[in-house]
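So you can see what is in the structure, the chains are spelled out below.
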Amino acid sequence: MTTGQVWVIVTDDLIVGNALAVARGLGGPVTALVVGSRQTADRLAPVVSQVRHLAIDQDTPAESCAAGLADLAAAEAPAAVVGNAGATSRALLGAVAARLGGPVLHHVTSAALKDGQISLVRTVGGGLAEVAEAVDVGQAVLAVRGGSDLGEAGATAPVAELAVTSSSAVRLTSAQSINHQAVELGSAKVVVGVGRGMKAQADVAMVRDLAERLGAELACSRPLAEGAEWFGHDRYIGVSGQTIAPDLYLAVGLSGQVQHLSGAHGAKLIIAINNDPDAPVMTNCDLAMVADLYQAVPALTAALGGASGVSESGGK
Amino acid sequence: MSVAVIFKWAYSPADAQVRSDGTLDLSRAKAAISEYDPVAIAAGRQLANDLGTDLVGLTAGPAGIDSPLMRKAALSRGLDRLFVATHSALEQANSTVTANVLAAALGREPEIAAVIAGAESVDDAAGQVPLTLAGLLDWPGLAGVSGIAVDGGALEVYRTGANRQETLRLTGPAVLAVTTNAVSPPVPGMKDILAAGKKPATVLDEAELGPVTCAQAVEVGRRPTAVPRREGRVLDGELAEAVRQAVSVIQEAGLA
Ligand SMILES: Cc1cc2nc3c(=O)[nH]c(=O)nc-3n(C[C@H](O)[C@H](O)[C@H](O)COP(=O)(O)OP(=O)(O)OC[C@H]3O[C@@H](n4cnc5c(N)ncnc54)[C@H](O)[C@@H]3O)c2cc1C
């Protein structure tokens, strides 16, 4: 049995790898509804059955198509509508859910068709628990975080241009790209994460040295990305950010609140460096180093430098 | 005209324990204004000042959320007045139910310049309610807003996304969810807390708000998230010794 059309809403951030995976799990043909550039639409063509492109003008934010998209969903009644949890995607999903009269379910990790309903699993309570839920076909609006790997390319699907009404109540008057190097933390083998224990942006260099020595990706807690803007928004770990599963997570100068650590449970080994022995991270790690990061990080970098030259293990 | 700010009275999962059946034990948690919502109230205050209007707060929940403590906590943060929308549908609320109740309550305000919201609630961490509310009101809904300025009859909105910075212009009402650090919310002083007691709070109950019809997801199972047990072994000795031990563990794991 198939579900009928499954929609994946795609905006120009393109972080829809996991949304696509969840959509494919529903068994029906996957249609990408791209609200953004033609380039984004073309990127989707090899990984879905059909692409429908809602072209938007230079001065129109994707959000102005929210009502138009909701009208389309009401008219065509897809089995499920899936998107990522980015700001723009949430606006589009919210408008669709408002029109369909059902919830937007967040933190979804998997979904399947079962007994004529969509059964899904998602995390709740800041990542403390997992719930299994069932929702009627046609009422499932699912938000799935993360994933820049869009999946294996197949035959190139046709891209259909689509016109929907867009609101003129909001206009984009200027836009500037930010040059943060994109990163895929999910597949990193070693991750070094820093938090607010680091006092100045210039100190990132010190932690970067350590990360380089370990061949690690650099990551952070939320306030250093959203707020301090020292890191790109795709570099913070946690319930609202990235999920990692490395062999080693070195957590430096971060307290390890539940919202942060719920993105790091998959790590094989967690080593924490913190000058507060009572920080939550110290009881949620494998090895706790009670130390000032400004001393511990350079010392660790130096020690690893010596070690890597004579290492017999050579890495896996 | 007024500026409205929506906020949530919620428990933090940081104070919760998860039971073996996956339910949350909140006996050690205290409800409070959700972590990021004071930022929204402060941003709303600024906008209301710039527009020369009232700032009205709105929260929604089951009847139990209304308490003198909640009212004071909200009103001491710079609201001029408060609506407390209570509804039995919010005993098991999903984001669309909540948005429906908020929309019904906002219908009590004759003219709203903007609805301001926080980034995400501390318990759900989803950031969905304001955007679904925007859908219901058929207003633009923008999240990730880091600044709001008044420009003649329009609002200028700044936001920082994952890979770009934008300036947007709004010519009508909108729902704006601000970033976690859009402004630094002041800590209420004794004067603010005393003044809060004199500010008006209005309860809007189910009879006034009307019924909410919304599909629900039905829970069929629940369990604690699998969290590996970790020893938390403290590396003792001087820094050099602790570093030596850490390096040896990293090497044993074949990672250096
Ligand atoms: C709805 C919601 C969602 C959230 N989602 C996320 C998320 O996805 N990811 C996330 O990271 N956070 C998230 N948070 C925020 C989270 O609750 C914490 O506030 C945040 O993770 C704290 O960041 P931090 O550890 O860097 O800072 P802090 O909590 O301030 O910790 C800094 C740590 O550094 C230590 N330190 C200070 N100086 C030194 C030094 N010289 N040497 C060594 N150690 C030092 C301190 O002892 C302290 O433990 C969320 C919050 C909410 C409400």
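**Q** Kindly report on the domain arrangement of chain A, identifying the contributing residues and their values.
**A** When the parts come together, some accessible area is lost, and that loss is often what is quoted as the size of the interface. Residues and elements named next belong to chain A. Split into domains, chain A comes out as domain 1 (6–161) and domain 2 (185–314). Just the C-alpha atoms count here: the centres of domain 1 and domain 2 sit 32 Å apart. Between domain 1 and domain 2, the residue contacts involve five residues of the former and five residues of the latter. Applying the counting rule to domain 1 against domain 2 returns zero salt bridges. For the pair domain 1 and domain 2, the interface holds zero residue pairs in polar contact (both at pLDDT 80 or more). The class makeup of the residues in the side of domain 1 that touches domain 2 is one nonpolar, three polar and one charged.

**Q** Break down the interface of chain B and chain A for me, with residues and values.
**A** Facing the 77 residues of chain B at the interface are 86 residues of chain A. Between chain B and chain A, a total of about 6400 Å² is buried, with carbon and sulfur atoms accounting for 59% of that surface. When the buried area of chain B at its contact with chain A is split by residue, Thr225(B), Arg230(B) and Leu255(B) rank highest and sum to 11% of it. At the surface where chain B touches chain A, the tally comes to four salt bridges. Sorting the residues of the side of chain B that touches chain A by element identifies helix 3 (95–106), helix 4 (129–137), strand 9 (141–151), strand 10 (154–160), strand 11 (164–170), strand 14 (218–224), strand 15 (233–234) and helix 7 (239–252) of chain B as the ones contributing at least two each. Here the side of chain B that touches chain A gets eight residues from one element, more than from any other, and that element is helix 7 of chain B. Of the residues assigned to the side of chain B that touches chain A, the class counts are 39 nonpolar, 24 polar and 14 charged. Sheet analysis places strand 16 (residues 287–290) of chain A next to strand 15 of chain B, joined by two bridges and oriented parallel. For Ala288(A), the partnering residue across the bridge sits in strand 15 of chain B and is Val234(B).

**Q** Lay out the sheet that holds strand 15 of chain B in plain terms, naming residues and giving numbers.
**A** Strand order in the open sheet made by the six strands is 13(A)-12(A)-14(A)-15(A)-16(A)-15(B), with parallel pairing throughout. The open sheet has two free edges, formed respectively by strand 13 (217–220) of chain A together with strand 15 of chain B, since each of these has just one partner strand. Against the sheet, helix 5 (residues 204–214) of chain A contacts strand 12 (190–194), strand 13 and strand 14 (248–252) of chain A, and its axis sits at roughly 165° relative to strand 12 of chain A. Across the sheet, helix 7 of chain B touches strand 14, strand 15 (269–274) and strand 16 of chain A together with strand 15 of chain B, and the angle it forms with strand 16 of chain A is around 155°.

**Q** Tell me what's going on with the pairing of strand 8 (residues 129–136) of chain A, and back it up with residues and numbers.
**A** For strand 8 of chain A, the tally of buried residues reaches six of eight residues, placing the bulk of the element in the interior. Inspection of the sheet shows strand 7 (residues 117–124) of chain A paired to strand 8 of chain A by eight bridges, in the antiparallel sense. Of the residues in strand 8 of chain A, the one forming a bridge with Thr123(A) is Glu130(A). Adjacent in sequence and paired antiparallel, strand 7 of chain A and strand 8 of chain A are bridged by four residues, among which Gly125(A) carries a positive phi angle near 60°. Two strands pair when backbone bridges link them, and strand 8 of chain A and strand 14 of chain B are joined in this way by six bridges, in the antiparallel orientation. The partner of Ala132(A) across the bridge, within strand 14 of chain B, is Gly221(B).

**Q** Quick rundown of the nonpolar core? Include the residues and the values.
**A** One finds Val192(A), Leu214(A), Phe231(A), Met289(A) and Leu300(A) to be the most contacted residues of the largest nonpolar core, which totals 41 residues. Here Leu214(A) is in contact with Val190(A), Val192(A), Leu250(A), Leu304(A), Ile250(B) and Leu255(B), once residues within four sequence places are set aside. Of all hydrophobic cores here, the second largest spans 38 residues; its members include Trp9(B), Ile41(B), Ala174(B) and Ala196(B).

**Q** Kindly report on the packing of helix 3 of chain B against helix 4 of chain B, identifying the contributing residues and their values.
**A** All names here are of chain B. Two numbers describe how helix 3 lies on helix 4: the axes approach to 8 Å, and their chain directions differ by 55°. Judged on the interaxial angle alone, helix 4 and helix 3 are oblique. Crossing handedness for the pair helix 3 and helix 4: right-handed. Seen from helix 3, the contacting residues are Ser95, Thr96, Thr98, Ala99, Asn100, Leu102, Ala103 and Leu106; seen from helix 4, they are Val129, Thr132, Leu133, Leu136 and Leu137. Tallied by class, residues from the contact of helix 3 with helix 4 come to eight nonpolar, five polar and no charged.

**Q** Tell me what's going on with unusual backbone geometry, and back it up with residues and numbers.
**A** Residue and element names in this part refer to chain A. With phi around 60°, Leu14 is a residue other than glycine that occupies positive phi space. In this structure, Leu14 sits in the loop between strand 1 (6–10) and helix 1 (17–25). Look at His107: it is not a glycine, yet its phi comes out positive at around 60°. Tracing the chain through its elements places His107 in the loop between strand 5 (104–105) and strand 6 (108–114).

**Q** Explain the environment of Arg159(B) residue by residue, including any values.
**A** All names here are of chain B. Summarising the element assignment, Arg159 is placed in strand 10. Judged by relative accessible area, which is 7%, Arg159 ranks as buried. Residues Arg159 and Leu142 lie 17 residues apart in sequence; the distance between their C-alpha atoms is 8.8 Å. At 2.9 Å, the side chain of Arg159 forms a polar contact with the backbone oxygen of Ala143.

**Q** Talk me through the pairing of strand 9 of chain B; I want residue IDs and the actual numbers.
**A** Residues and elements named next belong to chain B. Looking at chain direction, strand 9 and strand 12 (residues 174–178) are connected through three bridges and run parallel. Each residue of the ladder has a partner; that of Leu142, found in strand 12, is Leu176. In terms of strand pairing, strand 9 meets strand 10 through six bridges, oriented antiparallel. Counterpart to Ile148 in the pairing with strand 10 is Val157. Between the end of strand 9 and the start of strand 10, which pair antiparallel, lie two residues, with Gly152 showing a positive phi angle near 60°.

Cut-off values and rules
Residues numbered from 1 in each chain as written. Chains lettered and ligands numbered in written order. Predicted model: local features only at pLDDT ≥ 70, side-chain atom pairs only at ≥ 80, totals over all residues. Heavy atoms only, no water. Domains from an automatic or database assignment. Contact = heavy atoms within 4.5 Å. Salt bridge = Lys/Arg side-chain N within 4 Å of Asp/Glu carboxyl O. Polar contact = N/O pair within 3.5 Å; in protein donor to acceptor, adjacent residues only side chain to side chain. Nonpolar A, V, L, I, M, F, W, Y, C, P; charged D, E, K, R; others polar. Buried area = accessible area lost by both parts, 1.4 Å probe. Helix = DSSP H or I, 4+ residues; strand = E, 2+ residues; numbered from the N terminus. Pairing = 2+ DSSP bridges. Axes fitted to C-alpha atoms, helices over the stretch in contact; angles between N-to-C directions. Buried < 20%, exposed > 50% of the residue type's maximum accessible area, 1.4 Å probe, protein only. Core = buried A, V, L, I, M, F, W, Y, C linked by side-chain atoms within 4.5 Å. Parallel < 35°, antiparallel > 145°, perpendicular 65-115°, else oblique. Left-handed = near helix turned anticlockwise from the far one by under 90°.

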